[in-house]
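One-letter residues, chain by chain:
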Amino acid sequence: MASSSSSTRPLNRGAACLPCRKLKARCDGNKPACGRCLANGRPDDCEYAVGGEVTRSRLLEENIALLEARIKELENPSEPRSVRLHDPRGQEAVGMGSSRTLIPEPLNMQLHPPGGMPQLTGGPTSSAPTPQEIQALAQTFMAHASQLGLFLNPTKFIQALSLPRGAPGAVDDALANTVYLWGCRLSKSNTLRAKETYFANIAVQAASGATLVAQSAASAHVVLYKVQTEVLLANYFLSNGRLLEGKYHGLAAVALVTGSRFHQLDVVKLAAGGANSVTIGENIHAFWAVFALDKMWATALNMPPSIAQRGRSGIPVTTPWPLAIETYEQGIVIPRRGYTYSVHDFSRGGVDDSGEEFSRPALRVKAATLYDCALYVSSTYRPDLPNPGEFNTQFTTLDNTIERFHRQLAGVRNRSPDDMREVLVARTLTCVAAIQLHSVFVNHQPVSRQKSLAVAIASVKALDIVDITQYRYLDPIVAILWSTVGNVFLEEMRRFRRGAAQVRQEDIARIYTSLDRVVAAMTTLSSYSHLMASKLGEIQQARASLN
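Every value quoted in this text rests on a predicted model; they were computed, and no experiment measured them.

Trainee: Where do I start with the overall build of the protein in this structure?
Mentor: From N to C terminus, the protein includes 23 helices and 0 strands. The long-range fraction of contacts in the protein, counting pairs at least 24 apart against all pairs at least 6 apart in sequence, stands at 71%. About 24,800 Å² of surface is accessible on the protein, with carbon and sulfur atoms providing 52% of the total.

Trainee: Any chance you could explain helix α14 (residues 277-300) here in plain terms?
Mentor: Helical geometry note: an α-helix holds 3.6 residues per turn, so side chains three or four residues apart project in the same direction. In a regular helix each residue adds 1.5 Å, so 24 residues correspond to 34 Å; α14 covers 34 Å between its end C-alpha atoms and thus fits that length. In terms of residue burial, α14 counts as a mostly covered element, since 21 of its 24 residues are buried. Measuring from the side-chain oxygen of the N-cap residue of α14 to the backbone nitrogen of Val 278 gives 2.7 Å; that N-cap residue is Asn 276. Once α14 ends, the next one or two residues include Asn 302, with phi positive near 55°.

Trainee: I tried to follow unusual backbone geometry on my own but got confused; where do I start?
Mentor: A positive phi angle, near 60°, is found at Arg 261, a position not held by glycine. Tracing the sequence through the fold places Arg 261 in the loop between α12 (243-259) and α13 (267-272).

Trainee: I would appreciate a short explanation of the nonpolar core in the present structure.
Mentor: The nonpolar side chains of soluble globular proteins are, as a tendency, buried together. If you look at the biggest cluster of nonpolar residues, it comprises 142 residues, and the most contacted ones within it are Phe 141, Phe 157, Val 227, Trp 297, Ile 468, Trp 482 and Phe 489. With residues near it in sequence (within four places) discarded, Phe 157 still touches Phe 141, Met 142, Leu 150, Leu 152, Val 171, Leu 175 and Val 179. Core analysis: the second largest hydrophobic core is formed by 9 residues, Cys 27, Ala 33, Cys 34 and Cys 37 among them.

Trainee: Sorry, what's going on with the confidence of the model for the protein here?
Mentor: Low pLDDT marks regions whose predicted coordinates should not be analysed in detail. Averaged over every residue, the pLDDT of the protein is 82; residues scoring 70 or more account for 80%. With pLDDT under 50 throughout, residues 80-125 is counted as low confidence; its partners more than four residues away or in other chains account for 107 contacts. Taken together, the stretch residues 211-217 has pLDDT below 50 and engages in 11 contacts with residues farther than four places along the chain or on a different chain.

Trainee: How do you make sense of the pattern of salt bridges when you look at a structure like this?
Mentor: Opposite charge on two side chains lets them pair, provided their charged atoms get close. Going through the model one piece at a time under the given rule, you end up with 28 salt bridges. Note that Asp 419 and Arg 415 form a salt bridge whose closest N and O atoms lie 3.0 Å from each other. Overall, Asp 419 belongs to the buried group, its relative accessible area being 8%. Linked through salt bridges whose partners overlap, the residues forming this network are Asp 353, Glu 356, Lys 366 and Arg 404.

Trainee: Mind showing me how you'd approach helix α23 (residues 530-544) here?
Mentor: The end-to-end C-alpha distance of α23 is 21 Å, a good match for the 21 Å that 15 residues give at a rise of 1.5 Å each. Burial in α23 covers these residues: His 530, Leu 531, Met 532, Ser 534, Lys 535, Leu 536, Ile 539 and Ala 542. Structurally, α23 contributes buried residues whose contacts are with α8 (173-186), α11 (220-239), α14, α21 (477-498) and α22 (505-525).

Trainee: How do you make sense of the packing of helix α20 (residues 446-461) against α21 when you look at a structure like this?
Mentor: The axes of two packed helices give the description: the angle between them and the distance between them. Two elements in contact, α20 and α21, have axes separated by 9 Å at closest approach and are oriented at 130°. Here α20 is positioned oblique relative to α21, judged by the angle of their axes. In the packing of α20 onto α21, the handedness of the crossing is left-handed. Two secondary-structure elements touch here, α20 through Arg 449, Ser 452, Leu 453, Ala 456, Ile 457, Ser 459 and Val 460 and α21 through Val 485, Val 488, Phe 489, Glu 492 and Arg 495. Residue composition of the contact of α20 with α21, grouped by class: 7 nonpolar, 2 polar and 3 charged.

Trainee: Explain the packing of aromatic side chains here, please?
Mentor: Geometry of an aromatic ring pair is reported as the spacing of the ring centres plus the angle between the planes. Going through the model one piece at a time under the given rule, you end up with 18 aromatic pairs. When the centroid spacing of 6.2 Å and the interplanar angle of 50° are considered together, the rings of Phe 141 and Phe 157 count as tilted. Here Phe 141 is found in helix α5 (residues 131-143), whereas its partner Phe 157 is found in helix α7 (residues 154-162), with 16 residues between them in sequence. Side by side, Phe 141 and Phe 157 carry an identical accessibility label, which is buried. Their ring planes at 70° and their centres at 4.7 Å tell us that Tyr 381 and Phe 441 sit as a pair that is edge-to-face. Remark: Phe 441 occurs in the loop between α19 (417-438) and α20 and Tyr 381 occurs in the loop between α17 (360-379) and α18 (388-410); sequence separation between them is 60 residues. Judged by relative accessible area, Phe 441 falls into the buried class, the value being 7%. It is Lys 366 that lies over the ring of Trp 321; its NZ or CZ is 5.6 Å from the centre. Taking NZ or CZ as reference, Arg 415 lies 4.0 Å from the ring centre of Phe 358, over its face.

Trainee: Would you mind going over the environment of Pro 320 with me for this structure?
Mentor: With respect to the helices and strands, the residue Pro 320 is situated in the loop between α14 and α15 (325-329). Discounting residues that sit within four places of it in the chain, Pro 320 has contacts with Leu 265, Val 267, Ile 284 and Trp 288.

Trainee: Explanation requested: the state of the cysteines in the structure shown.
Mentor: Note: disulfide means a covalent bond formed between the sulfur atoms of two cysteine side chains. Under the defined criterion, the tally for this structure stands at 0 disulfides. No disulfide involves Cys 27; its nearest neighbouring cysteine sulfur is the one of Cys 34, lying 3.9 Å away. For Cys 27, a relative accessible area of 9% gives the class buried.

Trainee: Please explain the environment of Glu 329 as it appears in this structure.
Mentor: Tracing the backbone shows Glu 329 in helix α15. Classification of Glu 329 by relative accessible area gives partly exposed; the value is 43%. Sequence-wise, Glu 329 and Asn 153 are 176 residues apart; in three dimensions their C-alpha atoms are separated by 8.9 Å. Not counting residues within four places of it along the chain, the set of residues in contact with Glu 329 comprises Asn 153, Thr 155 and Val 278.

Parameters and conventions
Residues numbered from 1 in each chain as written. Predicted model: local features only at pLDDT ≥ 70, side-chain atom pairs only at ≥ 80, totals over all residues. Heavy atoms only, no water. Helix = DSSP H or I, 4+ residues; strand = E, 2+ residues; numbered from the N terminus. Contact = heavy atoms within 4.5 Å. Areas by Shrake-Rupley, 256 points an atom, 1.4 Å probe, with all protein chains shown as cover. Expected span 1.5 Å × (residues − 1). Buried < 20%, exposed > 50% of the residue type's maximum accessible area, 1.4 Å probe, protein only. Polar contact = N/O pair within 3.5 Å; in protein donor to acceptor, adjacent residues only side chain to side chain. Core = buried A, V, L, I, M, F, W, Y, C linked by side-chain atoms within 4.5 Å. pLDDT = per-residue confidence, 0-100. Salt bridge = Lys/Arg side-chain N within 4 Å of Asp/Glu carboxyl O. Axes fitted to C-alpha atoms, helices over the stretch in contact; angles between N-to-C directions. Parallel < 35°, antiparallel > 145°, perpendicular 65-115°, else oblique. Left-handed = near helix turned anticlockwise from the far one by under 90°. Nonpolar A, V, L, I, M, F, W, Y, C, P; charged D, E, K, R; others polar. Phe/Tyr/Trp six-rings, centres within 6.5 Å; stacked < 30°, edge-to-face > 60°. Lys NZ or Arg CZ within 6 Å of the ring centre and 35° of its normal. Disulfide = S-S within 2.5 Å.

Quick look at the structure:
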C-alpha cells in the first residue's frame, strides 16, 4: 500500500525524469527508473536532473553547445566572446554536484596549421563537379575507406551511393558530399583537389541542424547515415589539424549512437525479429567506431572520453564486439568463438582472446581501450598515494595486458593490405599506450625509461609489415602517436648530449635510425594531412635544435 500511494502522489515541479518532462507525460518519480521508462523498455534513458546533479545527456549537450559557440567565435572574431572553455586538467566546474570536465581551452590546440585549410564560410568557390568527377571521387574514397572511418558495409554503401538522391535507401546529401570531400582531399588530381572547399561547405551545411535526430523520428538507415557522416567529418577535421571542429563532430556522433541506444543492442532479439544480419553488423560497427574515435582522441587531447566507463557517468555497454564484415554477410551475428567478455574484462587482462577470429574493428577498439586505460591509470599516480599497493596492482596488470596484446598483434601476418594497415595502427596505438603508462616514472626509474624506449622502437618495427610508400593516408591519430614516439627518441638523444646515460654506440645508432624511419613515414603521409605535416615539423625543429 505504501508503494502504491507514493507512485500516485504528485511530484514537485521539475522532479520528473528527463524523458517524461520532454514528452510532458506523467512520471511516478521512481528511481533508478520510473514506471513509464520501464514500460517503454528504456530504463537506461531514465535520468533525473535534481539540484546540482549533472546527467550524461545534459553534459553531452553542454559540450556540443560550448563547441558551437567557440566555432562561432572563431568565424566572427570581432564579436564579443560569449563563452569561456575550461582546461579539464585544472579546476572543477563550480556549483556542480559531481566533478566534471569541459572542453579544453582551444587556444592550446592547433586549429589552423601552417599551409592553410579551406574555410567553411561563404558559398562554394568552385563549379559543380561532373558525373565523371563524382565517380572518380567516390573511387578515391573507397580506396582508403577503412582508414577514413567507414563502418558501413562497403558493398551496400557503394550501391546506396549510386542511387538517385531521395530514392529509398540512398545516402543523404550530407553523407554523399562528405564522401566527395574526402575524395578531393586524397585525390592526385589538382582539378579535383581544387573542389575541396566546394564540398566542405556543402557537407558541413547539410550535416548541421540534422545531427541529433531521435531514433523514433528516423528510419534505421537514416540514423546510420548521420552517424557515418559525423565520423567522417570528425576524421576530416582532425586530419587537417582543426581539432575543435573535429571534436564537435565526434561529440555529435556520440550523441547519435547513445541516443539511438547502439551501445545496448540486443542482437539476438534483432535477429529473431527478422533484422538483416548485415544491417545488424552495421549498427554494431557504428557504435564501436564512435567508441574508438572517442577514446583515441580524448586521450590524445588529454580530455575525459564522452563514452565513459568509470564513475557515476559511466555508460553501460552491452553491444557485442564487432566482427569482420564478411562474417555478417554470412548471416552470423553471434561470434562462433571468443568475444564473450566486456571491455572492462579485456582491460583487466582477465580474458583469453588468442583464438578469436580476426576482426579489424575489434583490434581498433581493443587498442583504443588500452590507450584510454593507460592515460587513466597514469593520471591517478601521486607520490603520496594512501594505498600504493592498489595502484601497483593496476599498473602491473595493465602493463602485462598491453604487452600481451602487442605480442598478439605482432604475430599477425600475410593478410590483406587493408588488414595490415589496421594492424599497423593498432600496434602503434598499443605501443604508445605503454609509453603513456610509464610516463609518470620515466624520469626517475630506469626500468620505465628502458620500457618506453623499447616499445618506441617496437612501434617503428611495425612499419615492416606495410609498404608505407604505397599509402596516401592513415588514420589521423597516427600523427599524434608518431609524434609521441619521436619525442621518446629525442629525449634519449638529449640524454646522450648531457652525458646522463652510458650507452653503447650501436644503441645510439639504433635510436637515430628509428627516428629517421618515423620522420620518413610522416613525410610520406604529410602531403594529405595537415596534422601529420604539423607534427612532422615539430619533430624536425626539435631535432635541429640538438645539432
